[in-house]
Amino acid sequence: GAVVSQHPSWVICKSGTSVKIECRSLDFQATTMFWYRQFPKQSLMLMATSNEGSKATYEQGVEKDKFLINHASLTLSTLTVTSAHPEDSSFYICSATLRLAGADTQYFGPGTRLTVL
Amino acid sequence: AQKITQTQPGMFVQEKEAVTLDCTYDTSDPSYGLFWYKQPSSGEMIFLIYQGSYDQQNATEGRYSLNFQKARKSANLVISASQLGDSAMYFCAMRVTQGGSEKLVFGKGTKLTVNP
């Protein structure tokens, strides 16, 4: 149980185009999903908290117009990188929260590696 | 400030031996949760073990155990009988409440290498 998928697993795009990344909780419903960014050999950096049916909460310094987040259902959240540039190249990971034994635990997707040429 | 500190950038262990990965935390919240995740080279973050701040006993999950010392604010991960497949990055994380919402704060990670 507690499987989270991400699609695509990797994507290469040209500068100026937009890229959409999907995050799905396959066997549970997640009221809250999170989007992270990870640079090589660094820790995860939280970008935003996504709540079903409401606007995402972005962390300080994250451009909400650049990284559009939509949480359309209890099992799907999407991150769209708009007008991507080479500096947006990174590893993007989502997570979904599941409450087990009284504890909210984040289960992560396999990540999406974005390369912007 | 709510913070996780992992002081070991890299650790080496012989196969079948035990290894301890250090994690200290800083929070003023009376209620918090501590997590350990494993990240292999493929990139996915795998949940290993959880310890609640009010849990009296140390958490265990198979070969993983969490040495929780509340007074010292430490939550070290112990991996027993290391296997080659344990080679990965390990992240300690703390669940915090900020601005009315819960989120995870991660440490910088420890790269574990298991030698045959």
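In this text the structure is predicted, and so the values were computed from the model without any measurement. (Residues numbered from 1 in each chain as written. Chains lettered and ligands numbered in written order. Predicted model: local features only at pLDDT ≥ 70, side-chain atom pairs only at ≥ 80, totals over all residues. Heavy atoms only, no water.)

Visitor: Honestly, the packing of aromatic side chains in this entry has me stumped. Any pointers?
Guide: Here a ring pair, both rings aromatic, is described through the centre-centre distance and the interplanar angle of the planes. Under the counting rule described, the total for this entry stands at 15 aromatic pairs over all chains. Pairing Phe108(A) with Tyr37(B) gives two aromatic rings, centres 5.1 Å apart and planes at 85 degrees, and the pair type is edge-to-face. Here Phe108(A), found in strand S10 (residues 103-108), pairs with Tyr37(B), found in strand S5 (residues 33-39), and the two come from separate chains. Here Phe108(A) falls in the buried class, since its relative accessible area comes to 8%. The buried category is assigned to Tyr37(B), whose relative accessible area is 0%. (Phe/Tyr/Trp six-rings, centres within 6.5 Å; stacked < 30°, edge-to-face > 60°. Helix = DSSP H or I, 4+ residues; strand = E, 2+ residues; numbered from the N terminus. Buried < 20%, exposed > 50% of the residue type's maximum accessible area, 1.4 Å probe, protein only.)

Visitor: Would you explain the side chain of Gln6(B) in this entry?
Guide: Residues and elements named next belong to chain B. Its location among the elements puts Gln-6 in the loop between strand S1 (3-5) and strand S2 (10-14). Overall, Gln-6 belongs to the buried group, its relative accessible area being 9%. In this structure the side chain of Gln-6 is engaged in a polar contact, spanning 3.0 Å, whose partner is the backbone oxygen of Tyr-90. Side-chain polar atoms of Gln-6 contact the backbone nitrogen of Cys-92, separated by 3.0 Å. Here Gln-6 is in contact with Asp-22, Trp-36, Tyr-90, Phe-91, Cys-92, Gly-107, Lys-108, Gly-109 and Thr-110, once residues within four sequence places are set aside. (Polar contact = N/O pair within 3.5 Å; in protein donor to acceptor, adjacent residues only side chain to side chain. Contact = heavy atoms within 4.5 Å.)

Visitor: What is the right way to read the sheet that holds strand S7 (residues 67-73) of chain A from this model?
Guide: Across a sheet, strands are paired by hydrogen bonds formed along the backbone, either parallel or antiparallel in direction. Residue and element names in this part refer to chain A. Judged by pairing direction, the sheet is antiparallel, and its 4 strands sit side by side in the order S1-S3-S8-S7 without closing on themselves. Edge positions in the open sheet fall to strand S1 (4-7) and S7, since each of these has one partner strand only. Going from strand to strand, the sheet's axes swing by 15 degrees on average, the running direction of each strand aside. Two elements, S1 and strand S3 (residues 19-25), share 4 bridges in a ladder whose sense is antiparallel. Bridging across to S3, Val-4 finds its partner in Ser-25. (Pairing = 2+ DSSP bridges. Axes fitted to C-alpha atoms, helices over the stretch in contact; angles between N-to-C directions.)

Visitor: Sorry if this is basic, but what is going on with the pattern of salt bridges here?
Guide: When the charged atoms of two side chains with opposite charge come close together, those side chains can pair. Applying the stated criterion to the full structure yields 7 salt bridges over all chains. Lys103(B) is paired through a salt bridge with Glu59(A); the nearest N and O atoms lie 2.8 Å apart. You can see Lys103(B) sitting in strand S11 (residues 101-106) and its partner Glu59(A) sitting in the loop between strand S6 (57-58) and S7, one on each of two chains. For the residue pair Lys103(B) and Glu59(A), the accessibility class agrees, reading buried in each case. (Salt bridge = Lys/Arg side-chain N within 4 Å of Asp/Glu carboxyl O.)

Visitor: Any chance you could explain the nonpolar core here in plain terms?
Guide: Phe67(A) and Leu114(A) are the most contacted members of the largest nonpolar core, which has 28 residues in total. Of all the secondary-structure elements, those providing two or more residues to this core are strand S2 (10-13), S3, strand S4 (32-38), strand S5 (44-51), S7, strand S8 (76-81), strand S9 (90-100) and strand S11 (112-116) of chain A. Tallying contributions element by element places S9(A) first for this core, with 4 residues. When neighbours within four sequence positions are excluded, Leu114(A) is seen to be in contact with Val11(A), Cys13(A), Val19(A), Val81(A), Asp88(A), Ser89(A), Ser90(A) and Tyr92(A). The next biggest cluster of nonpolar side chains, apart from the first, holds 26 residues, and it includes Ala75(B), Tyr90(B), Val96(B) and Leu112(B). (Core = buried A, V, L, I, M, F, W, Y, C linked by side-chain atoms within 4.5 Å.)

Visitor: Sorry if this is basic, but what is going on with the interface of chain A and chain B here?
Guide: At the junction of the two partners, chain A supplies 18 residues and chain B supplies 17 residues. Of the roughly 1400 Å² buried where chain A meets chain B, counting both sides, 58% is carbon and sulfur surface. Broken down residue by residue, the surface that chain A buries against chain B is led by Ser43(A), Asp104(A) and Phe108(A), which jointly contribute 29%. Taken together, the links from chain A to chain B amount to 1 salt bridge. Summed over the shared surface of chain A and chain B, the result is 5 residue pairs in polar contact (both at pLDDT 80 or more). At 6 residues, S10(A) tops the list of elements feeding residues into the side of chain A that touches chain B. Its residues assigned to classes, the side of chain A that touches chain B shows 10 nonpolar, 6 polar and 2 charged. (Buried area = accessible area lost by both parts, 1.4 Å probe. Nonpolar A, V, L, I, M, F, W, Y, C, P; charged D, E, K, R; others polar.)

So, to be careful, I would describe these as geometric facts and stop short of saying anything about function.
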